[in-house]
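Listed below are the residues making up each chain.
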Amino acid sequence: MARIRLKEIVDSLPPGRIRTDSPLTIVLFRPLSFMVAWLFLAMGWSANAVTYLSAALCLAGFAFLVSGPLWAAWVGLGLFFIFDILDCTDGNMARVRKTASPWGEWVDAFGGYTAYTTILLGAGVVAQAQSAGALPGIQ
């Protein structure tokens, strides 16, 4: 397979797609994702493999976030940040390779649901730990 150039990855993004992205995605995650997609493509990874990796990073992020020490919470938040980049990366890869499929869309949705679940549960666990039992009915 011919080596894919960074410009091809950037050009694969449909113009309307950027309108649905959040400001942080437009300014930070999407631009970083083009370079990360190029790297994963050069290493021969598939878009679905990147999605599986991002879901695994979210599970690890959750474990770090709820483990207690402040440094671990920062590591957990960093892993969630990497998820955001990889969440854009897998779509870039599927578009430029023309491997988008219903299965790939399901895998991408699974990765997103894993991220949102772990982020929200982790935030809840940390909030409860910081409240020292101040929430009604929870000790």
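Because the structure is predicted, anything quoted here is derived from the model rather than measured. (Residues numbered from 1 in each chain as written. Predicted model: local features only at pLDDT ≥ 70, side-chain atom pairs only at ≥ 80, totals over all residues. Heavy atoms only, no water.)

Enquirer: Please give an account of the overall build of the chain that cites residues and values.
Expert: Assigned secondary structure in the chain consists of six helices and zero strands. Helices and strands in the chain line up, N terminus first, as α-α-α-α-α-α. Taking the principal axes of the C-alpha coordinates as reference, the chain spans close to 60 × 30 × 30 Å. Within the chain, buried positions represent 33% of all 139 residues. For the chain, restricting intrachain contacts to residue pairs at least 6 apart in sequence, the fraction spanning at least 24 positions comes to 75%. With an accessible surface of roughly 8,300 Å², the chain has 71% of that area assigned to carbon and sulfur atoms. (Helix = DSSP H or I, 4+ residues; strand = E, 2+ residues; numbered from the N terminus. Buried < 20%, exposed > 50% of the residue type's maximum accessible area, 1.4 Å probe, protein only. Contact = heavy atoms within 4.5 Å. Areas by Shrake-Rupley, 256 points an atom, 1.4 Å probe, with all protein chains shown as cover.)

Enquirer: Any chance you could break down the environment of Phe-29 for me, citing the residues and the numbers?
Expert: Structurally, Phe-29 is set in helix α3 (residues 23-42). Measuring from C-alpha to C-alpha, the distance between Phe-29 and Leu-70 comes to 25 Å, with 41 residues separating the pair along the chain. The contacts of Phe-29, once residues within four sequence positions are left out, are Leu-24, Phe-81, Asp-84, Ile-85 and Cys-88.

Enquirer: Hey, could you go over a nonpolar patch on the surface for me, with residue numbers and the actual values?
Expert: Taken together, the side chains of Leu-6, Val-10, Met-35, Trp-38, Leu-39 and Met-43 present a nonpolar region at the surface, about 520 Å² in accessible area. Secondary-structure elements contributing two or more residues to the nonpolar patch are α1 (6-11) and α3. Here the element with the most residues in the nonpolar patch is α3; it accounts for three residues. By the secondary structure assignment, Leu-39 is in helix α3. (Patch = residues over 30% accessible without salt bridge, like charges linked within 9 Å, V, L, I, M, F, W, Y side chains within 5 Å. Salt bridge = Lys/Arg side-chain N within 4 Å of Asp/Glu carboxyl O.)

Enquirer: Lay out the pattern of salt bridges with the relevant residues and their values.
Expert: Considering all chains together, one arrives at four salt bridges under this definition. For Lys-7, the salt bridge goes to Asp-11, with nearest N and O atoms at 2.7 Å. Of this pair, Lys-7 and Asp-11 are both found in helix α1, four residues apart, which corresponds to roughly one turn of the helix. In this structure, Arg-30 and Asp-21 form a salt bridge, with 3.0 Å as the shortest nitrogen-oxygen distance. A relative accessible area of 3% places Arg-30 in the buried class.

Enquirer: Report on the side chain of Thr-118, specifying residues and quantitative values.
Expert: When you line up the elements, Thr-118 lands in helix α6 (residues 102-131). A distance of 2.9 Å separates a polar atom in the side chain of Thr-118 from the backbone oxygen of Thr-114. Aside from chain neighbours lying at most four places away, what touches Thr-118 is Cys-58, Leu-59, Phe-62 and Phe-80. (Polar contact = N/O pair within 3.5 Å; in protein donor to acceptor, adjacent residues only side chain to side chain.)

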